[in-house]
Amino acid sequence: MTAQIALPRFARSGAGAVDEIGSVIDQLGLHRPVLVTDEFLVSIGAADRILGLLRAAGKEPALFDDTVPDPTTDSLEAGLRVLAEHRADSVIGFGGGSPMDTAKALAVLSARGGQMRGYKAPHVYTGPALPIVAVPTTAGSGSEATQFAVISDSMSDEKMLCPGLSFLPIAAIIDFELTVSMPPRLTAVTGIDALTHAIEAYVSKRAHPFSDGLALAAIRTIGRNLRTAYADGENRAAREAMMVASTQAGMAFSNSSVALVHGMSRPIGAHFHLAHGLSNAMLFPVITAFSVPGAEGRYADCARAFGVAPESANDAVAAQFLVEALTELCQDLKVPTPLAYGIDRARWNGLTPLMARQALESGSPSNNPVVPSVDQIESLYAAVFE
């Protein structure tokens, strides 16, 4: 069995890397990028900083700042108009996972057209797209290194996974200094999101040695640094470690896959408008406990890398330590249950059959060590709610 490996063409990483964005765009031979970001990054002056750096490099940038959390097909329309009016030759996704996913979708739709639902899995798109440069400001989604975009269908509320090489950024700028101002709540959910990516990439049925190395490195680093970054956002060493781990985890799952946690997370985000990292975190311990019997040894490896099981522990014990450690991590980082978050029980129960079907149809659960039935997914949603 061979593995297909896809990574950005190059990256700039480290403190101050964002200052080199002009030279990155120049190196790629691009001139008219659209900076795709959100209103918050505009309000704090971060977007103006990027635009200034691009202009200083002799480029002609434009701005699209109307991205929304968990982007929808409707939210893309204004961005497409900006790209067309500017005659853009590239897009820069600047922000968390949502601006980067928006940039990816705009890059494809502006070059090829059509509707976003035409690009969702199991379809894999490798056709024309504008070059994408990704500049993450959170340490979680890993979108700067993945060949996926996640967009919600405004008509059906389905959160669509859109895969293919055309969604992969051509370059990434990974500057941990952009994450130092992240509040503890965002640090927590994005950090757990990165850990979910790494563990699911490692236990996936599509894992292979290349993705394994990246996944275990990310798990090890997150285990040593997430709590520190959460407790002390000014700790530069922890921030840098989490940023690197997030990108490694993104590379791992982009070249392996995610699994049941993500399959069940997307419908929660679509129907209840929860941040992706938060819905992942709500699911993570329960779904891991369900999945352990299918890959006990792989989960044991994750436990040892995470630093919660000694090398001498047998696989069964180590895997159980991992489940307990994830439960404790979510408690320590104050991850709420859906009930504690304020989600209405009747609406949750009413949507559970639809969410279970959407989760299974996304394809991600088929990569899980234990492939669930629709009934089992419904039971898991019930277990997670409390």
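Summary of the structure given here.

Attention now goes to the overall build of the protein. Counting its regular elements, the protein contains 15 helices and eight strands. Radius of gyration (C-alpha) of the protein: 20 Å, near the 21 Å computed for a compact globule of 386 residues. Summarising its shape, the C-alpha atoms of the protein cover approximately 60 × 45 × 45 Å along the three principal directions. For the protein, with 386 residues in total, the buried portion stands at 60%. When contacts within the protein are restricted to residue pairs at least 6 apart in sequence, those whose partners lie at least 24 apart make up 77%.

Next up on the list: the nonpolar core. Ile192, Leu195, Ile199, Ile219, Met264 and Tyr381 are the most contacted members of the largest nonpolar core, which has 77 residues in total. Top element by residues in this core is helix 6 (residues 184–203). It accounts for 10 residues. Formed by 25 residues, the second largest nonpolar core is a distinct cluster that contains Ala88, Leu106, Tyr119 and Cys162.

This part takes up the pattern of salt bridges. Enumeration according to the criterion identifies 13 salt bridges in this entry. With a shortest N-O distance of 2.7 Å, Arg32 and Glu60 are connected by a salt bridge. Within this pair, whereas Arg32 is found in the loop between helix 1 (21–27) and strand 2 (33–36), its partner Glu60 is found in the loop between helix 3 (46–56) and strand 3 (62–64), the two being separated by 28 residues in sequence. Judged by relative accessible area, Arg32 falls into the buried class, the value being 17%. Residue classification places Glu60 among the partly exposed positions, given a relative accessible area of 48%. Here Asp212 ties to Arg298 by a salt bridge, and the two come within 2.7 Å at their closest N and O atoms. Residue Asp212 is located in helix 7 (residues 209–231), and its partner Arg298 is located in helix 11 (residues 296–306); the two are separated by 86 residues in the primary sequence. Since its relative accessible area comes to 14%, Asp212 is described here as buried.

Together, Ile5, Leu7 and Phe210 make up a nonpolar patch on the protein surface, roughly 230 Å² of accessible area in all. With respect to the element layout, Leu7 can be found in the segment before strand 1 (10–13).

Okay, the packing of helix 4 (residues 76–86) against helix 5 (residues 97–112) next. Where helix 4 contacts helix 5, the two axes come as close as 10 Å, and the packing angle between them is 60 degrees. Considered as vectors, helix 4 and helix 5 are oriented oblique to each other. As for how helix 4 packs across helix 5, the hand of that crossing is right-handed. Every residue of helix 5 that contacts helix 4 at Leu76, Gly79, Leu80 and Leu83 is listed here: Thr102, Ala105, Leu106, Leu109 and Ser110.

With five of its five residues buried, strand 7 (residues 159–163) lies for the most part within the structure. Burial of strand 7 is two-sided: the residues Lys159, Leu161 and Pro163 facing one way and the residues Met160 and Cys162 facing the other way are all buried. Bridging between strand 6 (residues 148–152) and strand 7 involves five bridges; their strand directions are antiparallel. Following the sheet pairing, Ala149 is matched in strand 7 by Cys162. Turn length for the strand 6-strand 7 hairpin, with the two strands adjacent in sequence and antiparallel, is six residues, and the turn residue Asp157 shows positive phi of about 65 degrees.

Here we take up helix 4. Burial in helix 4 covers these residues: Leu76, Gly79, Val82, Leu83 and His86. All buried residues of helix 4 project into a common sector of 120 degrees when viewed along the axis, lining one side. Of the residues in helix 4, the exposed ones pointing more than 90 degrees away from the buried face are Ala84 and Glu85. Buried-residue contacts for helix 4 involve strand 2, strand 3, strand 4 (90–95), helix 5 and strand 6. Backbone geometry just downstream of helix 4 places Arg87 in the positive-phi region, at approximately 55 degrees.

Moving on: the environment of Asp232. By the secondary structure assignment, Asp232 is in the loop between helix 7 and helix 8 (236–255). Distance in space between the C-alpha atoms of Asp232 and Gly95 is 21 Å, their sequence separation being 137 residues.

Each value, and the rule that gives it
- Residues numbered from 1 in each chain as written.
- Predicted model: local features only at pLDDT ≥ 70, side-chain atom pairs only at ≥ 80, totals over all residues.
- Heavy atoms only, no water.
- Helix = DSSP H or I, 4+ residues; strand = E, 2+ residues; numbered from the N terminus.
- Rg over C-alpha atoms; globule rule 2.2 N^0.38 Å.
- Buried < 20%, exposed > 50% of the residue type's maximum accessible area, 1.4 Å probe, protein only.
- Contact = heavy atoms within 4.5 Å.
- Core = buried A, V, L, I, M, F, W, Y, C linked by side-chain atoms within 4.5 Å.
- Salt bridge = Lys/Arg side-chain N within 4 Å of Asp/Glu carboxyl O.
- Patch = residues over 30% accessible without salt bridge, like charges linked within 9 Å, V, L, I, M, F, W, Y side chains within 5 Å.
- Areas by Shrake-Rupley, 256 points an atom, 1.4 Å probe, with all protein chains shown as cover.
- Axes fitted to C-alpha atoms, helices over the stretch in contact; angles between N-to-C directions.
- Parallel < 35°, antiparallel > 145°, perpendicular 65-115°, else oblique.
- Left-handed = near helix turned anticlockwise from the far one by under 90°.
- Pairing = 2+ DSSP bridges.
- Arc of directions from axis to C-beta.

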